[in-house]
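Listed here are the chains, written in short residue letters.
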Amino acid sequence: MNDQPITDEDLDFIDAIFEKYATDDSIVSVSELDGFLTAIVSGPDMIMPSEWLPEIWGGAEQMPNWESKEEVGRFMQIVMGIMNDNAEVLMEQPEDFQALVLVDMEQGEPVEVVSLWCGGYMRGIALGSQDWLNLPEDLQAHFSCIALFGSEEGEELLVDFADHEIEALKQEIEPAARALHAYWLSQRAHSAPPSQPRAGPTAQILPFVRAQPKTGPNEPCPCGSGKKYKKCCGAV
């Protein structure tokens, strides 16, 4: 994990940045960001920072007019730290993975607001290929659990659920994230060139292209995570 753990002060800084620069199309909170980054490190494809960073703001044309180099530098450091922590925990200690879920107080009781985290996860999925649609049947339930809270269609369905059913489903979100990461980690769809072009909207797909010599196991991973290749995309 990171030498400098992410602190509550760091998370407050990220929320302040979103409050300052968020648009109608951007991520709006650290909880949504955490879900987004979890999906990025969990899917079948290697998605480069040059693709997912603009999506935080809803597209390259909506990137912030940063106040200073220090501001954007700290933002990037914390974002990469959250991403690296999630990737490492999910790979090496998945049972310890915890989603950064917002907790609100309602009538004096803490209530988990999972829609932001799940919405961020679904945003991250949208950057990947349509391999996400080809999950085995036993993984479909995990995907559906996150989609239920993270999509407009899911929100409409939740109206018909009893409160106790909704609370039970909330408890399945973290196990779902662990299971989906484990499945795609085993598949490593991005570790070899596809035999044929991927289906789906090409603007959202990052095909595998080896533009550089093969990466050694102890060299920095080309995905930009900051970890060794053998600990990241080169893991078997």
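In this text the structure is predicted, and so the values were computed from the model without any measurement.

Would you explain the environment of I14 in this entry?
In this structure, I14 sits in helix α1 (residues 8-21). Spatially, the C-alpha atoms of I14 and I78 are 7.8 Å apart, while their sequence positions differ by 64 residues.

It is not clear to me how the nonpolar core should be interpreted in this structure. Could you clarify?
Nonpolar side chains tend to gather and get buried jointly when the protein is soluble and globular. L33, W52, I56 and F75 are the most contacted members of the largest nonpolar core, which totals 55 residues. Counting only elements with at least two residues in this core, the list comes to α1, α2 (30-42), α3 (49-56), α4 (69-92), α5 (115-126), α6 (137-150) and α9 (173-187). If one sorts the elements of this core by residue count, α4 sits on top with 9 residues. Not counting residues within four places of it along the chain, the set of residues in contact with W52 comprises F36, L37, I40, I47, V79, M80, M83 and L127.

Explain empty space enclosed by the protein here, please?
If you roll a probe as big as a water molecule over the atoms, it shows you where there is empty space left. Inspection of the entire model under this criterion finds 2 cavities of 30 Å³ or more. The space that makes up the second largest cavity amounts to roughly 40 Å³. Taken together, A39, I40, G43, P44, D45, I47, G124, I125, G128 and W132 make up the full set of residues lining the second largest cavity. At the level of secondary structure, the elements contributing two or more residues to the lining of the second largest cavity comprise α2 and α5. Here the residues of the lining of the second largest cavity sort into 6 nonpolar, 3 polar and 1 charged.

When you look at the packing of α2 against α3 in this model, what are you seeing that I'm missing?
Each pair of packed helices can be described by the angle between their axes along with the distance between the axes. Orientation of α2 relative to α3, taken along the N-to-C sense of each, is 160°, at an axis distance of 11 Å. In terms of orientation, α2 and α3 fall into the roughly antiparallel class. Considering how the two elements wind past one another, α2 and α3 form a crossing that is right-handed. Contacts between α2 and α3 involve L33, F36, L37 and I40 from the first element and W52, E55 and I56 from the second. For the contact of α2 with α3, the per-class residue count stands at 6 nonpolar, no polar and 1 charged.

What should I look at first to understand the pattern of salt bridges in this one?
Side chains carrying opposite charge are able to pair once their charged atoms draw close together. For the coordinates displayed, the defined rule picks out 7 salt bridges. When the shortest N-O distance is used, the salt bridge between K20 and E67 registers 2.6 Å. Taken as a pair, K20 in helix α1 and E67 in the loop between α3 and α4 lie far apart in primary sequence, 47 residues in all. According to the relative accessible area criterion, E67 is exposed, its value standing at 61%. Between K20 and E71 there is a salt bridge whose closest N-O contact spans 2.8 Å. Residue K20 is located in helix α1, and its partner E71 is located in helix α4; the two are separated by 51 residues in the primary sequence. On the accessibility criterion, E71 (11% relative accessible area) is buried. Members of the salt-bridge network, linked through shared partners, are K20, E67 and E71.

Each value, and the rule that gives it
- Residues numbered from 1 in each chain as written.
- Predicted model: local features only at pLDDT ≥ 70, side-chain atom pairs only at ≥ 80, totals over all residues.
- Heavy atoms only, no water.
- Helix = DSSP H or I, 4+ residues; strand = E, 2+ residues; numbered from the N terminus.
- Core = buried A, V, L, I, M, F, W, Y, C linked by side-chain atoms within 4.5 Å.
- Buried < 20%, exposed > 50% of the residue type's maximum accessible area, 1.4 Å probe, protein only.
- Contact = heavy atoms within 4.5 Å.
- 1 Å grid on protein atoms, 1.4 Å probe; cavity = no way out; pocket = protein on both sides within 12 Å on 5 of 7 lines; lining within 4 Å.
- Points joined across faces, edges and corners; volume = space filled by probe spheres on them.
- Nonpolar A, V, L, I, M, F, W, Y, C, P; charged D, E, K, R; others polar.
- Axes fitted to C-alpha atoms, helices over the stretch in contact; angles between N-to-C directions.
- Parallel < 35°, antiparallel > 145°, perpendicular 65-115°, else oblique.
- Left-handed = near helix turned anticlockwise from the far one by under 90°.
- Salt bridge = Lys/Arg side-chain N within 4 Å of Asp/Glu carboxyl O.

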